[in-house]
Amino acid sequence: MNFPKSIEDLIVQFMKYPGVGRKTAERFVFHTINKMDKESVKELSETLTQLKERINYCKVCNNLTDKEVCHICSNEKRDQSIILIVESPKDVFSIEDTSQYKGLYHVLNGVLSPADGIGPEELNLKTLWDRVAEKKVKEIIIATSSTQEGETTALYIKRVLQDTDLTVSRIGYGVPVGLNLEYADQLTLSKAIENRKKF
Amino acid sequence: MKLNQLSLYNYRGYNKQDIAFGKGVNLFIGDNGSGKTNLLEAIYFLSLAKSYKTEDSNLIKFNQDFSRILTTVDLIDKSYDIKIILSKNKKKIILDGREIQKLSDYIGQVNVVSFLPEDMNLIKGPPKNRRYFIDSIIGQMDRNYLIELSNYKSFLKQRNDLIKKLSEDKNPDMTLLDIYTEQLAKAGEKIISYRNNFINKINLELKSIYPYLANNPYLFEFKYLPSIDSSLEGTLKENYRKDLFVRTTTSGPHRDDYGFLMDDIDAKDIASQGEQRIMILSSLLAVTEIIFHYKKQRPILLLDDVFSELDTTRQNKLIHFLNKSHLQTIITTTTTTNINQEILDDAKIFNVKNHFIRGNKHE
């Protein structure tokens, strides 16, 4: 079956998105044709263009923002003495959703993995060293994933900061909340036992 | 663990074949190319859900759409049915009527220990062969070993790629190398302790198995030859300069070796072909004992063309030993003329001709 070229072109565009295969892309296109009027299509394309024009990385923490400095870094009510380090901007939004954390963030934009060509220079580490050199910061919380790469990245940051008087901590890993122990795999359980804390 | 019944349909050269195994020694006698090894391969497939020598699609009989392996496995207290269906680009495994979704959930249902003619390279061949042999046995007993091994391997890959990068750097940042080295050492220590443990166990078993089969007074022992036998972390760190120069991790568990020692002398220098064969067979029999201690089930022993290069006495001793063991053994051979009749009487004999298997009437 051959679609008219303009339909086919848009299908190919939608398929560039993660999780979108050909069938889904076709549904998007027909939805656009059948269910959306000219006005909303124009609105969509303008929103897309604006997104790329306006979104950039926060000068301080590398989080996504449409200003020069993100709303977290520029909020003076937040605790300026703690920095929580995450892999990606998405992690910032996840942690913000909990409303538990009141300090600042630092986004690495990845994890160390020489096998994928990612060394310390490829991550936003230099800006981190500059930030901690200013005396305001007292504590660092490392919240990279508990994958091999995330663990290595955490160890690296800890090692570089070991001779400073900063308090460096790592978020706890183990059994998910609400999970019955019998469903946890061996590795998770042994990590949870390793990371036990006084009760 | 015993195979009770096996039925092959469109598998390799077989059209439709039903086999009722005996609980002890099963001897399949036939000429070269008659289909003996294909039968062993089918049983091996039941164990790992893959062939040891080819892709799945080559297992389907020429010009047919699918092939099927069906079996009933008897354990001490229960039994279960396994059905494997192979089509051009799919395999389906059905265990007691339920389709297996994840292959890793299936592997381990049928345990086999096998001797293939190419295993003769174990003693003479490169260390890689011996590492693979030992790794796959430990992995068969304890799945955690495979997890530790793959953990080690991915740290090794990261470290090697980092070393390549650092070796081009005028002012290399060694902090990350320190970290990978420490992690590699930690993972490597676990591997070494698994391997040590296994070698101790196999040597204990060999003490009783080898002298009988070999019919000689020598002491046969495995020797673990770790590439680093002092502190892993310390040695890896001492080797920085060398590693950066050769651009790879030059030592560690990935470079370990094992010696087959006869009275403390490396067998590859002194043992004849027949003696080497007996050493490997003794090791496999020792492995079946270790697996039994671990899993409380004895694996099925597959021996392909095992008699060649063995003298008459050793052939008889081997079959006698297997008759007396609690193992189900499946042996292929071109001839049994050297085996005493009373020893043959305890085994179940099959004749294989042009991919057609017939049980011997006598029994």
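Residues numbered from 1 in each chain as written. Chains lettered and ligands numbered in written order. Predicted model: local features only at pLDDT ≥ 70, side-chain atom pairs only at ≥ 80, totals over all residues.

In this structure, what is going on with the overall build of chain B? I would like to understand it.
The helix and strand inventory of chain B stands at 12 helices and 15 strands. Taken over the C-alpha trace, chain B has a radius of gyration of 23 Å; the compact-globule value for 363 residues is 21 Å, and the two agree within 12%. The dimensions of chain B, computed from C-alpha atoms along their principal axes, are 80 × 50 × 40 Å. Expressed as a percentage of the 363 residues in chain B, the buried residues total 39%. (Helix = DSSP H or I, 4+ residues; strand = E, 2+ residues; numbered from the N terminus. Rg over C-alpha atoms; globule rule 2.2 N^0.38 Å. Buried ≥ 20, exposed ≤ 12 C-beta atoms within 10 Å, placed from the backbone.)

Hey, could you run me through the overall build of chain A in this one?
When helices and strands are tallied, chain A shows seven helices and six strands. Walking chain A from its N terminus toward its C terminus, one meets helices and strands in the order α-α-α-β-β-β-α-β-α-β-α-β-α. Taken over C-alpha atoms, the radius of gyration comes to 22 Å for chain A, far larger than the 16 Å a tight globule of 199 residues would show. Each of the three principal axes of chain A carries a C-alpha extent, and together these read 65 × 45 × 35 Å. Considering chain A as a whole, with its 199 residues, one finds that 19% of them fall into the buried category. Within chain A, contacts between residues separated by at least 24 positions form 44% of all contacts whose residues are at least 6 apart in sequence. (Contact = placed C-beta atoms within 7 Å.)

Can you walk me through the domain arrangement of chain A in this structure?
When the parts of a complex come together, some accessible area is lost, and that lost area is often used as the size of the interface. Domains assigned within chain A are domain 1 (5–54) and domain 2 (79–172). When each unit is reduced to the centre of its C-alpha atoms, the spacing between domain 1 of chain A and domain 2 of chain A is 36 Å. (Domains from an automatic or database assignment.)

So what exactly am I meant to see when it comes to the sheet that holds strand S10 (residues 257–262) of chain B here?
In a beta sheet, neighbouring strands pair by backbone hydrogen bonds and run either parallel or antiparallel. Residue and element names in this part refer to chain B. Here we have three strands laid out as an open sheet, ordered S9-S10-S11, and antiparallel in their pairing. Edge positions in the sheet fall to strand S9 (220–225) and strand S11 (265–266), since each of these pairs with one other strand and no more. The pairing of S9 with S10 spans six bridges and is antiparallel. By the bridge assignment for S10, Phe222 is matched with Phe260. (Pairing = 2+ DSSP bridges.)

I'm lost on the pairing of strand S12 (residues 300–303) of chain B in this one. Help?
Consecutive side chains along a regular strand alternate between the two faces of the sheet. Residues and elements named next belong to chain B. A two-sided burial pattern is seen for S12, the buried positions comprising Ile300 and Leu302 on one face and Leu301 and Leu303 on the other. Of the strand pairs in this sheet, strand S8 (residues 112–115) and S12 are connected by four bridges, and their pairing is parallel. Within the sheet, the bridge partner assigned to Val112 lies in S12 and is Ile300. In the sheet, S12 pairs with strand S13 (residues 329–333) via three bridges, with the strands oriented parallel. Across the sheet, Leu301 pairs through a bridge with Thr329, a residue of S13.

When you look at the sheet that holds strand S2 (residues 16–20) of chain B in this model, what are you seeing that I'm missing?
Residues and elements named next belong to chain B. If you trace the six strands from one edge of the open sheet to the other, you get S2-S1-S4-S5-S6-S7, paired in antiparallel fashion. The open sheet has two edge strands, S2 and strand S7 (98–99), and neither has a second partner. Alignment of strand S4 (residues 66–74) against strand S5 (residues 79–87), held across nine bridges, turns out to be antiparallel. Looking across to S5, one finds that Ile69 is bridged to Ile84.

Just to check I follow, could you spell out the interface of chain B and chain A for this structure?
Taken together, the contact between chain B and chain A spans 13 residues of the former and 12 residues of the latter. For the side of chain B that touches chain A, the secondary-structure elements that each account for two or more residues are helix H5 (143–167) and helix H6 (175–214) of chain B.

Explain the confidence of the model for chain B here, please?
Any region with low pLDDT has predicted coordinates that should not be read closely. Residue and element names in this part refer to chain B. For chain B, mean pLDDT is 92; residues scoring 70 or higher make up 99% of the total. When mean pLDDT is taken per element in chain B, S12 scores highest with 96 and helix H2 (residues 103–106) scores lowest with 84. Confidence estimates for the predicted assembly give a pTM of 0.83 and an ipTM of 0.77. (pLDDT = per-residue confidence, 0-100.)

Help me out: how do you make sense of the pairing of S5 of chain B in this one?
Residues and elements named next belong to chain B. Hairpin remark: S4 followed by S5, antiparallel, with four residues in the connecting loop. With six bridges joining them, S5 and strand S6 (residues 90–95) adopt antiparallel strand pairing. Paired with Ile82 across the strands is Leu95, a residue of S6. In textbook terms, the turn of a hairpin is the stretch between consecutive antiparallel strands, and for S5 and S6 this stretch comprises two residues.

What is the right way to look at the packing of H6 of chain B against helix H10 (residues 273–295) of chain B in this model?
Packed helix pairs are characterised by how far apart their axes lie and by the angle those axes make with each other. All names here are of chain B. Close contact between H6 and H10 brings their axes to 8 Å; oriented N to C, the two are set at 130°. Looking at the two axes, H6 sits oblique to H10. Relative to H10, H6 is oriented so that their crossing is right-handed. Where H6 approaches H10, its residues Lys201, Ile202, Glu205, Leu206, Ile209, Tyr210, Leu213 and Ala214 are matched on the opposing element by Glu275, Ile278, Leu281, Ser282, Ser283, Leu285, Ala286, Val287, Glu289 and Ile290. Its residues assigned to classes, the contact of H6 with H10 shows 12 nonpolar, two polar and four charged. (Axes fitted to C-alpha atoms, helices over the stretch in contact; angles between N-to-C directions. Parallel < 35°, antiparallel > 145°, perpendicular 65-115°, else oblique. Left-handed = near helix turned anticlockwise from the far one by under 90°. Nonpolar A, V, L, I, M, F, W, Y, C, P; charged D, E, K, R; others polar.)

Please clarify how the nonpolar core should be interpreted in this entry.
Soluble globular proteins tend to bury their nonpolar side chains together. By size, the foremost hydrophobic cluster in this structure holds 118 residues, and its most contacted members are Ile85 and Tyr105 of chain A together with Ile43, Met279, Leu281, Ile300 and Leu302 of chain B. For this core, the element with the most residues is H6 of chain B, which contributes 16 residues. Not counting the four nearest positions on each side in its chain, Ile43 of chain B is found in contact with Leu3, Val112, Ile300, Leu302 and Ile330 of chain B. (Core = buried A, V, L, I, M, F, W, Y, C linked by C-beta atoms within 7 Å.)

Is there a simple way to think about the environment of Phe321 of chain B in this case?
Residue and element names in this part refer to chain B. Position of Phe321 relative to the elements: it lies in helix H11 (residues 312–324). On the neighbour-count criterion, Phe321 (18 C-beta atoms within 10 Å) is partly exposed. Sequence-wise, Phe321 and Ile209 are 112 residues apart; in three dimensions their C-alpha atoms are separated by 9.0 Å. Once you skip the residues sitting within four places of it in the chain, Phe321 turns out to touch Tyr212 and Leu213.

Quick question: what am I supposed to make of the domain arrangement of chain B here?
All names here are of chain B. What the domain assignment lists for chain B is domain 1 (1–111 + 300–363) and domain 2 (125–296). Averaged C-alpha coordinates put domain 1 and domain 2 at centres separated by 31 Å. Taken together, the 11 residues of domain 1 in the interface contact 12 residues of domain 2. Partitioned by chemical class, the residues of the side of domain 1 that touches domain 2 number five nonpolar, two polar and four charged.

Even after reading the chapter, I still don't get the confidence of the model for chain A, so can you show me in this structure?
Within chain A, residue pLDDT values average 92, and 99% of them lie at 70 or more. Strand S4 (residues 104–107) of chain A holds the highest mean pLDDT among the elements of chain A, 97, whereas helix H7 (residues 186–194) of chain A holds the lowest, 82.

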